[in-house]
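Observations on the three-dimensional arrangement
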Amino acid sequence: MNIDWSMLLGRLSLDALPDNIVTIGGAVGGVLGVLFIIGLLTYTRRWKWLWRTWMTSLDPKKIGVMYIAVSGIMLVRGLADVIMMRAQQALFATTADGPITADLFQQVFSAHGTIMIFFVAMGVIFGLINLILPLQIGARDVAFPLLNSISFWLFFAGMALMNVSLALGEFSAAGWLAYPPLSTLEYSPGTGVDYWIWSLQVAGIGSLLSGVNFLVTIFTMRRKGMTMMKMPIFVWTVLGSMLLVVFAFPILTATLGMLTLDRTIGTHFFTSDLGGNPMMYVNLIWAWGHPEVYILVLPAFGVFSEIVPVFSRKRLFGYTSMVWAIMAITVLSFTVWLHHFFTMGAGANVNAFFGIMTMVIAIPTGVKVFNWLFTMFRGRISFKTPMLWFMGFITTFTIGGVTGVLLAVPGIDFQVHNSLFLVAHFHNMIIGGVLFGAFAALAYWWPKFTGFHLHEGLGIAAFWSWLVGFVLAFAPLYILGLMGAVRRLDHYDASLGWQGLFIVAGVGVMFILLGVFFQILQLAYSVWKRKELACDSDPWDGRTLEWSTSTPIAEYNYATLDVVHGRDAFWSFKQSGRKRLSNYTDILVPKNSGFGPIIAIVVFVGSFAVIWHMWWLAAIGLIATILLAILVGMRENVERTITEKQIAVTEKKLWGSEA
Amino acid sequence: MNNESVTENKSLLSRTSVGFWLYLMTDCLLFATLFATFAVLRDATAGGPAGRDIYEMPLVLAETLILLTSSFTCGLALIGLATKNKRQVLYGLLATFVLGAAFLFIEVSEFVKLIGEGHGPQASAFLSAFFALVGMHGLHVFVGLLWLSVLALTIWRRGITDKLTRQLTLFGLFWHFLDLIWIFVFTVVYLMGIVK
Amino acid sequence: MMQKYITGFALSLALTLVAYFLVINNETHPWMLVVLGVLAATQLAVQLLYFLHLDDEVGPRLKQLSFWFMALILLIIVVGSIWIMNNLNERMMHFSPTEKNQYMLTEYDKGF
């Protein structure tokens, strides 16, 4: 009997398996890694534990940890892509061929950008917000706990889709933003762009839901007495960032939707024929894309605004100007998007307007830099690792900012667009800003959640490796860019004399890898030596509310909800010599729910089916999603009570020696 | 019900309604993107028909009036909710459902007719944008009808509980919001489309 | 409450019918687009007040604040996109589809 498999499997066939040595390596490595984890969990019988304490948990502290864990793994994958690219450019780009073909090179840089923005930077930001935001506003939870879990699992499903492309099919070779016509069916008939679309679409909807959730949390769940102008700056930056999420991500959703229609049913939004307009895609994707940059960097600003006062032992300089700067950035970031396509052909008026707006947005950012510096001025500064990351940030970020203002001048942009100068600029912002911010946050808040410090010496080693690596990796790119080296370059002529600088950049990558190695070592060593590194619940003499609760932190965050006075709420508690209250009452906490992981599976399977044109499976996925939505709406009995007595026992245990 | 849980229910109501309102704001931007695309592509007819050649204006007016009336009947159901009048709620929802379904029926039959005449979304950029914008609104109406049916059935069986009150209030917001979006579809796509 | 819905419904009906019959009878009037815009904006206000009860909000007025912020962003995106795209279309869209493809393929490397 002759079975027509394509009815069942759509485009999926044995041809989808990788055939190039590098992709086979990636696929085998990925599959082995997953198998190893599954095996380890089965062998140690941890499945039930994983399901009960992590996967179905609605506790933002656990969801935050899961976000950061996924980001960490994705950071390693993104770095693997970097190594391939820089190795190609340093060693093989002047010879006829290396192990990486031109098409593969394009997939690699597309994957690198997508992973680093969506699954590393976004993940770590959402992880931090989950961990810190409810604590800092003195709340016991976020506004919608189940929605929070669903958001995380959609992020996870998007991540999984993107990584499945390693083993089945290919990834997009159209850059991290998939400009048409390269991303249209005509030029990219394979599954790569579809993988890109669906992993972003799924993760993006998760982000959108998170945005709504955190905004409502900030608006309605603040501790009594914490007015808007008494919120910690980190909370303000999250507010700005989440406003950007809820107003920018719908644009991404719609734009990706239209690209999907172009690719699947043959509409003509962004095609070049029948009136379609590829420039509209570029316009829309950047109307989302520029706010996205600030979505990432604002919370990092918030982290530094928490760290600098604590390690300078002074209150933050210019709180009000900081708040206004954040809100100004939030609005202005919607008015600059054209600077990403100055060269597409808009007239002088349009370019000039957006060039000026771009320079204007540098002003509030400058205000923040000065605020941090004035906070340090005449402070008693202790250069612990979080503060080192801040010093690294302020230097690299300022350099990035200055080159950014250069690029804001359309005339200069015409010279250096499409060059490595640009690449160096935005890595300055995202590594120096977002990533250093995340590392600083990790070092700063780690002891709050675990009860022990990260090893200081290894932290310093990691910092210096990263900083040196960063400078070595990106300073040559500025020079190469001015010499005319374009981005996304897999071959160049040896006579250009660029190889030396590319080798320096490659060495920089090695230093960054060394930094990552020190970080992993630091984590492992600190966990091993946790008894010696143990600390109390307020190791840095903190100022904000999260340091006032016990370490480890109870599920309900705070046993009593004391009224807040003043900006540095915990600092004023300490100054007034207030004692901890013990007038406990019953607390309601959300029960665990399996909806998050189940929705992730359904959405993953549905999207996978659409990518491979298995329409029957896609239809099942759609119906299952609708049914799940109805079931979520019908949930009853979603909370359980922790009684007064249980709280008293828990509190006594948690405070232990500090009582 | 003691005092504590009354306040708890009230704060939950305000939390969910603020959250849902924010979701509606995000939806506004989703539609704004499609409106912007439509505005940019509306003259890109690639030699095919323009809006004024294919719109059936009397039917569009009928759609508008039907949706407007359904928004009103939805309001009647919400008033019934405030007075805990189960009959009024159910009849209001029934009327809303029938009118919403009629709206959707007219829209879909228009689409089918256009596609049958060869003016489907693949024919030109203008038609792609037209189908996407109007279709996205239709999709929202469809989701609204599904939601409405689930709510109405649950109310019919279990009566008006706190939770259903919350959800129905949100549904009311959603339905009025769709009406509002349609006013702009009606104006920008259809009315402005036939202005020469 | 009832009173409000009836007023809102009547006003909306009136505004819709006025807009419709104005256009049907004056398709070529130079001010028509502006008139239609004003009528739609009026109906927006009517529905926000009478159906969505935006004015009834108590407390910190989060709905009003978020609505106005959304409206600001929406205007920036829609007006900005139309401005940019009209400008680009005027300057760049004399290309044939093939030329368009060629041109946009070189463009794809240029953005951030």
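Described in the following lines is the structure provided in the data block.

**Brief notes about the overall build of chain B**
If you tally the helices and strands in chain B, you get 6 helices and 0 strands. In chain B, the order of α-helices and β-strands from amino to carboxyl end is α-α-α-α-α-α. For chain B, the spread of C-alpha atoms along the three principal axes comes to 70 × 30 × 25 Å. Taken over 196 residues, chain B has a buried fraction of 60%. Taking the contacts inside chain B whose residues are at least 6 apart along the sequence as the reference set, 82% of them involve residues at least 24 apart. Put simply, chain B shows about 7400 Å² of open surface, and 66% of that area lies on carbon and sulfur atoms. Taken together, the 13 basic and 12 acidic charged side chains of chain B have centroids lying 12 Å from each other.

**Brief notes about the side chain of Thr187 of chain B**
For Thr187 of chain B, the location among the structural elements is in helix H6 (residues 162–194). A residue is classified by how much of its surface remains accessible, and Thr187 of chain B, at 5% relative accessible area, is buried. Apart from the residues within four sequence positions on either side, Thr187 of chain B is in contact with Met192 of chain B together with Leu36 and Ala40 of chain C.

**Let's talk about the interface of chain B and chain C**
With 38 residues of chain B at the contact, the number on the chain C side is 40 residues. Between chain B and chain C the total buried area reaches about 3600 Å² when both faces are included, carbon and sulfur atoms providing 84% of it. When residues of chain B are sorted by the area they lose upon contact with chain C, Trp21, Phe72 and Leu180 of chain B head the list and together hold 17% of the total. At the boundary of chain B with chain C, the tally comes to 0 salt bridges. Here chain B is connected to chain C by 5 residue pairs in polar contact (both at pLDDT 80 or more). For the side of chain B that touches chain C, the secondary structure elements donating two or more residues are helix H1 (3–41), helix H3 (57–82) and H6 of chain B. Of the residues that constitute the side of chain B that touches chain C, the class distribution is 29 nonpolar, 7 polar and 2 charged.

**Section: the nonpolar core**
Within the largest apolar cluster, 302 residues are counted, with the highest numbers of intra-cluster contacts made by Trp196, Phe247, Trp288 and Trp372 of chain A together with Tyr55, Phe130 and Tyr190 of chain B. When residues of this core are assigned to their parent elements, the largest contribution, 22 residues, is made by helix H9 (residues 278–312) of chain A. Shared between two domains, this core takes at least three residues from each, and those domains are domain 1 (1–56) and domain 2 (59–112) of chain C. In this structure Trp372 of chain A touches Phe301, Phe304, Ser305, Val308, Leu316, Met322, Phe390, Phe393 and Ile394 of chain A, once residues within four positions along its chain are discounted.

**With respect to the interface of chain C and chain A**
Contact residues are listed per partner, giving 31 residues for chain C and 54 residues for chain A. A buried area of about 3800 Å², summed over both sides, lies between chain C and chain A, and 72% of it is on carbon and sulfur atoms. Between the two partners, chain C and chain A, sit 0 salt bridges. Across the contact surface, chain C and chain A share 8 residue pairs in polar contact (both at pLDDT 80 or more). Mapped onto the side of chain C that touches chain A, the elements with two or more residues apiece are helix H3 (62–92) and helix H4 (97–107) of chain C. No other element matches the 18 residues that H3 of chain C contributes to the side of chain C that touches chain A. Classifying every residue of the side of chain C that touches chain A by side-chain character gives 19 nonpolar, 7 polar and 5 charged.

About the cut-offs
Residues numbered from 1 in each chain as written. Chains lettered and ligands numbered in written order. Predicted model: local features only at pLDDT ≥ 70, side-chain atom pairs only at ≥ 80, totals over all residues. Heavy atoms only, no water. Helix = DSSP H or I, 4+ residues; strand = E, 2+ residues; numbered from the N terminus. Buried < 20%, exposed > 50% of the residue type's maximum accessible area, 1.4 Å probe, protein only. Contact = heavy atoms within 4.5 Å. Areas by Shrake-Rupley, 256 points an atom, 1.4 Å probe, with all protein chains shown as cover. Lys, Arg positive; Asp, Glu negative; His and termini not counted. Charge placed at Lys NZ, Arg CZ, Asp CG, Glu CD. Buried area = accessible area lost by both parts, 1.4 Å probe. Salt bridge = Lys/Arg side-chain N within 4 Å of Asp/Glu carboxyl O. Polar contact = N/O pair within 3.5 Å; in protein donor to acceptor, adjacent residues only side chain to side chain. Nonpolar A, V, L, I, M, F, W, Y, C, P; charged D, E, K, R; others polar. Core = buried A, V, L, I, M, F, W, Y, C linked by side-chain atoms within 4.5 Å. Domains from an automatic or database assignment.

Geometric values such as these leave the question of function open.
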